[in-house]
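Structure at a glance
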Amino acid sequence: MLTIAEIGQAHDGSLGMLHAYIDAVAKIGATAIKFQTHIAEAESSIHEPFRVHFSKQDKTRFDYWKRMEFTQEQWIEIGRHCKEVGLQFISSPFSNAAVDVLEIAKVDSYKIGSGEVNNFLLLKKVVETQKPIIISSGMSSFEELDKTVSFFKQHQANFSILQCTTSYPTTPENYGLNVIQELKDRYGVPVGFSDHSSKVATGIAAVALGAEILEFHVVFNKNMFGPDVSSSLTLEEAAVLVKSVNDISKALRNPVNKSQNEQFTDLKNIFEKSLAVNKKLPKGHVVTFMDLESKKPKGYGIDASEFEKVVGKKLNKDLHPWDFLTHDDII
C-alpha cells in the first residue's frame with residue numbers, strides 16, 4: 001500500500017520546518033512524502049487571475065510562490081534527508097524548470113497536479129525522466145483524461161491515476177469514491193485516491209473500495225497558516241490513517257474462503273453444543289421440544305442441530321436433569 005503524506009506548502013517557506021516534516025512523516029509509517037516544487041518566474045505571470053493578496057506577508061500570489069522556493073542545493077538536501085529516513089521522495093513540478101531541479105535532487109517519482117494534467121509540454125518533460133508518474137484527476141473530465149492516458153501509453157510511461165476532487169476541504173457528496181473503480185475499468189492502471197476531506201474515515205473507505213495509493217495532506221497543527229490547512233490531517237490523525245489502511249490493504253490481499261473452516265474444528269468442539277434434558281425424565285417417556293436443552297461442549301451428546309430427530313422418540317432409561325442425551329438413550 002503506497003501511502004503519501006502531502007506536505008505541499010505546509011512548511012510555509014521554512015526549510016527548517018520542511019525538514020521537521022520529513023522526520024515527523026517517517027515516524028507515522030507513511031511510504032512517501034510529497035512536496036511541490038515552485039519556480040515563480042517559470043510558472044506564473046502578472047496575468048495570473050489567482051494573484052490575490054491572501055496573506056499578511058505576501059503582497060501577491062507570485063510573492064507567495066517566490067517565498068515557497070528552495071535552491072537547487074536545498075532540494076538536493078531535501079532528497080537526501082528523505083532517503084535517510086526511508087521515505088520515497090515525491091514532488092509536483094509546476095514548470096519544466098522545476099523538473100530539472102528535481103532530477104538533480106534525485107526525486108523518486110513525479111506527481112502531476114490536477115491543473116497540469118493537460119499540460120503536455122510538462123508531461124513530455126516528465127515522461128523523458130523515465131520515473132514513475134502519478135496524475136491527479138481532480139479537474140479533468142474523462143475526455144481530458146483519455147488524451148493524457150493515451151499520451152502516456154504512447155510514450156510507454158509508468159503511471160497511475162488518483163481520483164481527486166479539487167475542493168478544499170472536500171465534502172462527502174463530492175468524494176467521488178465511485179470513480180475509483182471507474183478509473184480502473186477504463187484505463188487498466190493502478191488507481192488511488194487523493195484526499196482533501198481532512199477526515200481519517202475517507203481514506204479508509206477509499207482503500208476498502210480498491211484504492212491502491214492514498215495521498216493525504218498533513219500539518220503539525222490545524223491552526224497553522226497555509227492554503228491546504230483546512231483539508232489536512234494532523235500527524236496524529238495521519239498515523240491512525242496509515243495503520244488503518246495498511247491493515248485494510250492486507251485484508252484485501254488475503255480473501256477468506258468461507259467454504260473452508262477446518263481451522264476452527266477445535267473451537268467448534270468447544271463452543272458448539274450437545275443435547276441435554278432439562279428435567280427428570282422416566283424410562284419410556286416420549287421426548288418433547290420442551291424437555292430439551294443444549295450444553296457445551298459438542299460431542300458429549302447428540303448434536304444440538306439434530307434436535308428434530310429426537311423429538312417424539314422414547315427413552316430407554318431414566319434421565320436426570322441436565323444429563324446429556326445420546327443415541328443410546330432413545331429408541
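Above this text you will find the structure in question.
Report on the accompanying structure. What you see is a predicted model; the values in this text were computed from it and never measured.

Attention now moves to the pairing of strand β4 (residues 109–112). Of the two faces of β4, the one carrying Ser 109 and Lys 111 and the one carrying Tyr 110 and Ile 112 are both buried. Bridge analysis of strand β3 (residues 88–93) against β4 gives two bridges, and the strand direction is parallel. The residue of β4 that forms the bridge with Ile 90 is Ser 109. Following the chain from β3 across helix α5 (residues 96–104) to the adjacent parallel β4, one finds a crossover that is right-handed. Taken together, the three bridges between β4 and strand β5 (residues 133–136) define a ladder with parallel strand orientation.

Next up on the list: helix α9 (residues 200–208). Listed in full, the buried residues belonging to α9 are Thr 202, Gly 203, Ala 206 and Val 207. Taken end-on, α9 shows its buried residues confined to a sector of 130°, consistent with a single buried face. Of the surrounding secondary structure, the elements contacted by the buried residues of α9 are α8 (179–187), β7 (191–195), β8 (213–219) and α10 (235–253). Looking at the residues trailing α9, positive phi occurs at Gly 210, about 115°.

Turning our eyes to something else, we now look at the packing of helix α1 (residues 15–27) against helix α4 (residues 72–84). Following both chains from N to C, one finds α1 and α4 inclined at 15°, their axes separated by 10 Å at the closest point. Here α4 runs roughly parallel to α1, going by the angle between their axes. Where α1 crosses over α4, the two elements pack in a sense that is right-handed. From α1, Leu 15, Leu 18, His 19, Ile 22 and Asp 23 reach across to α4, where they touch Gln 74, Glu 77, Ile 78, His 81 and Cys 82. Its residues assigned to classes, the contact of α1 with α4 comprises five nonpolar, three polar and two charged.

Bringing a nonpolar patch on the surface into the picture now. On the surface, Phe 264, Leu 267, Ile 270 and Phe 271 cluster together to form a nonpolar patch covering roughly 410 Å² of accessible area. On the secondary structure map, Leu 267 appears in helix α11 (residues 265–271). Take Leu 267: its relative accessible area is 44%, and that puts it in the partly exposed class.

Glancing now at the layout of surface pockets. Any empty space left between the atoms is revealed when a probe the size of a water molecule rolls over them. The calculated volume of the largest pocket comes to roughly 700 Å³. If you trace the largest pocket, you find 29 residues lining it, with Gln 36, Trp 65, Phe 94, Ser 114 and Tyr 168 closest to the centre. Put simply, the parts of the chain that give the lining of the largest pocket at least two residues each are β2 (32–37), α3 (61–67) and β8. The residue inventory of the lining of the largest pocket, partitioned by class, reads seven nonpolar, 13 polar and nine charged.

Quick look at the packing of aromatic side chains now. Summed over the entire model, instances satisfying the criterion amount to eleven aromatic pairs. Between Tyr 64 and Trp 65, the ring centres sit 5.4 Å apart and the planes meet at 50°, which makes this aromatic pair tilted. Tyr 64 sits in the buried class, given a relative accessible area of 0%. For Trp 65, a relative accessible area of 11% translates into the label buried. Residues Trp 75 and Phe 89 carry aromatic rings whose centres are separated by 6.3 Å and whose planes lie at 20° to one another, so their mutual orientation is stacked. In this pair, Trp 75 is assigned in helix α4 and Phe 89 in strand β3, connecting sequence segments 14 residues apart. Taking the relative accessible area as the measure of exposure, Trp 75 reaches 1% and is therefore buried.

Cut-offs used in this document
Residues numbered from 1 in each chain as written. Predicted model: local features only at pLDDT ≥ 70, side-chain atom pairs only at ≥ 80, totals over all residues. Heavy atoms only, no water. Buried < 20%, exposed > 50% of the residue type's maximum accessible area, 1.4 Å probe, protein only. Helix = DSSP H or I, 4+ residues; strand = E, 2+ residues; numbered from the N terminus. Pairing = 2+ DSSP bridges. Right-handed = clockwise from strand over helix to strand, strands pointing away. Arc of directions from axis to C-beta. Contact = heavy atoms within 4.5 Å. Axes fitted to C-alpha atoms, helices over the stretch in contact; angles between N-to-C directions. Parallel < 35°, antiparallel > 145°, perpendicular 65-115°, else oblique. Left-handed = near helix turned anticlockwise from the far one by under 90°. Nonpolar A, V, L, I, M, F, W, Y, C, P; charged D, E, K, R; others polar. Patch = residues over 30% accessible without salt bridge, like charges linked within 9 Å, V, L, I, M, F, W, Y side chains within 5 Å. Areas by Shrake-Rupley, 256 points an atom, 1.4 Å probe, with all protein chains shown as cover. Salt bridge = Lys/Arg side-chain N within 4 Å of Asp/Glu carboxyl O. 1 Å grid on protein atoms, 1.4 Å probe; cavity = no way out; pocket = protein on both sides within 12 Å on 5 of 7 lines; lining within 4 Å. Points joined across faces, edges and corners; volume = space filled by probe spheres on them. Phe/Tyr/Trp six-rings, centres within 6.5 Å; stacked < 30°, edge-to-face > 60°.

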